[in-house]
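# Coordinate inspection notes
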Amino acid sequence: MDNSSNTKSTKLTEIHLSSGDDEIFHPAPLPTDDDGFIVAFNIDQHDEILTFFEKHGVVVVANVLTEQECERSVDDVWKFLQEMFNPNIDRDKPETWDSNWPMFSHMGILGSERWLYPQACDNRQNPNIYKVFCTLFGDHELMTNVTRAGLMRPTKNVYFPSLNKTEDRENWKTISNWLHLDVNPLTGRATTYGFEHVAEGHFEPSNAPRAAQNKSTNNGMRVRKLQAVLALVDCREQDGGFHAVPGFQHYIVTWTKQNEKLCLHSNQSRDPTSVQIPRDDPIREHIQRMPIRKGSLLVWDTRLPHGNYPNNSNQMRIIQYLHMAPIADEALRPFPLSKQDLPETFQLTELGEKLYGFKSWESDNAQYRFQEQRNSEVLDQALYERQVRDLMKARYQTNKNSS
Ligand SMILES: O=C(O)CCC(=O)C(=O)O
């Protein structure tokens, strides 16, 4: 695919970034279809996707993955669970879904380990997904982040073969009321999760928080930042899933003025790139649950308060966390993977080489950025993760051979 000519691209300067200073909040709930899923667009509906996104701050695009790609992704989730956590985990035996289950299960996230399995890696270079991000950024020189899978275990009427009966699992429910921003709107420091962060001290508080936005790497309120989830199964309302306050991007500056103390406090917290929305914030009345169909991509503006809500059914929610950013984003670089980190059976495409950061895009700025010195802290982290992954895979093989 010729990435630059096939992709209709609205110039970055034409992308409207709302000033965020609406005096009052205007709710912008998303329409749903007859089956209760959020109404989704087709990949080619460039203008419609952009217009919808500007209004709501969220958009869903259908059929970015095929049925087979979804199924292979789900297979990769189980392989990952067995190799990295517990070889006895069996997708057909809920009895095995407790012991050595990954951390962050209370948030529906599978550990902090990067999900580096063949279909998961292929999804990050999927041309449909790339096209959605090109549309939303008005730029085609993009990079992908490299992060995790998400899975919410079923909690109601779960069939246990060894008991030959169904039971509920209240303790598999994820947290309720999780609502946060992955940018501190006072300092402009936004999440860099799954990328290399450029700024030294990215996870330390800003010393002069009210002036921090002047720093080029604290650009979260100046340039478009997107986050996304990719549905690997149908994620129905009752299965748990993404929720957010659509339309909040038009109000965020006003809200920040009213919540300066909270933002200052968040700047001093363990993660200065996020803000937890208080339980009594009236904005919570406008949280909308967002069920999406298998194979669709839901993208949200980082300026939206968001989170997920728990499963209440006998089916799983399974997703991939996956988003992209322009190479021109001064806060980010591609995560420094080596080709050795990629699965043997995975075929990197020409597009993938660029999205993963193994090759430079064409513009002068992209080539300049490609040569930049890398952040040594993140290089060390990449090396450490590689060693842990190799160790876990070797342990899995030894276990398998001896059984
Ligand atoms: O699981 C989800 O849908 C959302 C997770 C979330 O809040 C995040 O990635 O920041």
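Residues numbered from 1 in each chain as written. Predicted model: local features only at pLDDT ≥ 70, side-chain atom pairs only at ≥ 80, totals over all residues.

On to the overall build of the chain, then. Looking only at helices and strands, one finds ten helices and 18 strands in the chain. For the chain, the C-alpha radius of gyration of 21 Å lies close to 22 Å, the compact-globule estimate for 403 residues. With respect to the principal axes defined by its C-alpha atoms, the chain has extents near 60 × 45 × 45 Å. The burial tally for the chain puts 41% of its 403 residues in the buried class. Taking all contacts inside the chain whose residues are at least 6 apart in sequence as the whole, residues at least 24 apart take part in 82%. (Helix = DSSP H or I, 4+ residues; strand = E, 2+ residues; numbered from the N terminus. Rg over C-alpha atoms; globule rule 2.2 N^0.38 Å. Buried ≥ 20, exposed ≤ 12 C-beta atoms within 10 Å, placed from the backbone. Contact = placed C-beta atoms within 7 Å.)

Within the structure, the ligand sits among Gly108, Gly150, Asp182, Val229, Gly241, Phe242, His306, Gly307, Asn308 and Tyr321. Elements with a contribution of two residues or more to the shell around the ligand: strand E11 (241-244) and strand E15 (306-309). The biggest single contributor to the shell around the ligand is E15, with three residues. Looking at side-chain class alone, the shell around the ligand contains three nonpolar, six polar and one charged residues. (Near = placed C-beta within 6 Å. Nonpolar A, V, L, I, M, F, W, Y, C, P; charged D, E, K, R; others polar.)

A few words on the nonpolar core. In this structure, Val61, Phe133, Leu142, Leu230, Leu297 and Leu298 are the most contacted members of the largest nonpolar core, which totals 82 residues. Sorting elements by how many residues they give to this core places helix H5 (residues 127-137) first, with seven residues. If near-sequence neighbours (up to four positions away) are discounted, Phe133 is found in contact with Leu142, Leu226 and Met324. (Core = buried A, V, L, I, M, F, W, Y, C linked by C-beta atoms within 7 Å.)

This part is about the packing of helix H3 (residues 67-84) against helix H10 (residues 376-402). When two helices pack together, their arrangement is given by the angle between the helix axes and the distance between those axes. Between H3 and H10, whose axes approach to 8 Å, the crossing angle comes to 85 degrees. Between H3 and H10, the angle falls in the class roughly perpendicular. Residues Gln82, Glu83 and Met84 of H3 lie in contact with H10, whose contacting residues are Met392, Lys393 and Tyr396. In terms of residue class, the contact of H3 with H10 is built from three nonpolar, one polar and two charged. (Axes fitted to C-alpha atoms, helices over the stretch in contact; angles between N-to-C directions. Parallel < 35°, antiparallel > 145°, perpendicular 65-115°, else oblique.)

A few words now on the confidence of the model for the chain. With 96% of its residues at a pLDDT of 70 or more, the chain shows a mean pLDDT of 94. In this model residues 1-7 is a low-confidence stretch, pLDDT under 50, and it forms nine contacts with partners more than four residues away in sequence or in other chains. (pLDDT = per-residue confidence, 0-100.)

Along any regular strand the residues' side chains alternate between the sheet's two faces. Here E15 shows two buried faces, one formed by His306 and Asn308 and the other by Gly307 and Tyr309. Taken together, the four bridges between E11 and E15 define a ladder with antiparallel strand orientation. From the neighbouring strand, Phe242 faces E15, where its bridge partner is Asn308. (Pairing = 2+ DSSP bridges.)

Time to look at the sheet that holds strand E3 (residues 149-152). Across the sheet, which stays open at both edges, the five strands sit in the order E1-E14-E10-E16-E3 with antiparallel pairing between neighbours. Here the strands that pair on one side only, and so sit at the sheet edges, are strand E1 (58-61) and E3. Going from strand to strand, the sheet's axes swing by 25 degrees on average, the running direction of each strand aside. Two strands pair when backbone bridges link them, and strand E10 (residues 226-231) and strand E14 (residues 297-301) are joined in this way by five bridges, in the antiparallel orientation. When the bridges of E14 are listed, Val229 appears paired with Leu298.

For the rest of this paragraph, the subject is the environment of Met143. Position of Met143 among the secondary structure elements: in strand E2 (residues 142-144). As for Met143 and Phe335, which are separated by 192 residues in sequence, their C-alpha atoms are 9.2 Å apart. Ignoring anything within four residues of it in the chain, the contact list for Met143 reads Phe195, Met324, Ala325, Ile327, Pro334, Leu355 and Gly357.

Listed in full, the buried residues belonging to helix H2 (residues 46-56) are Ile49, Phe53 and His56. The buried residues of H2 occupy one face: seen down the axis, they fall within an arc of 80 degrees. Among the structural elements, E1 and H5 are those in contact with the buried residues of H2. With its phi angle positive at about 80 degrees, Gly57 sits one or two positions after the end of H2. (Arc of directions from axis to C-beta.)

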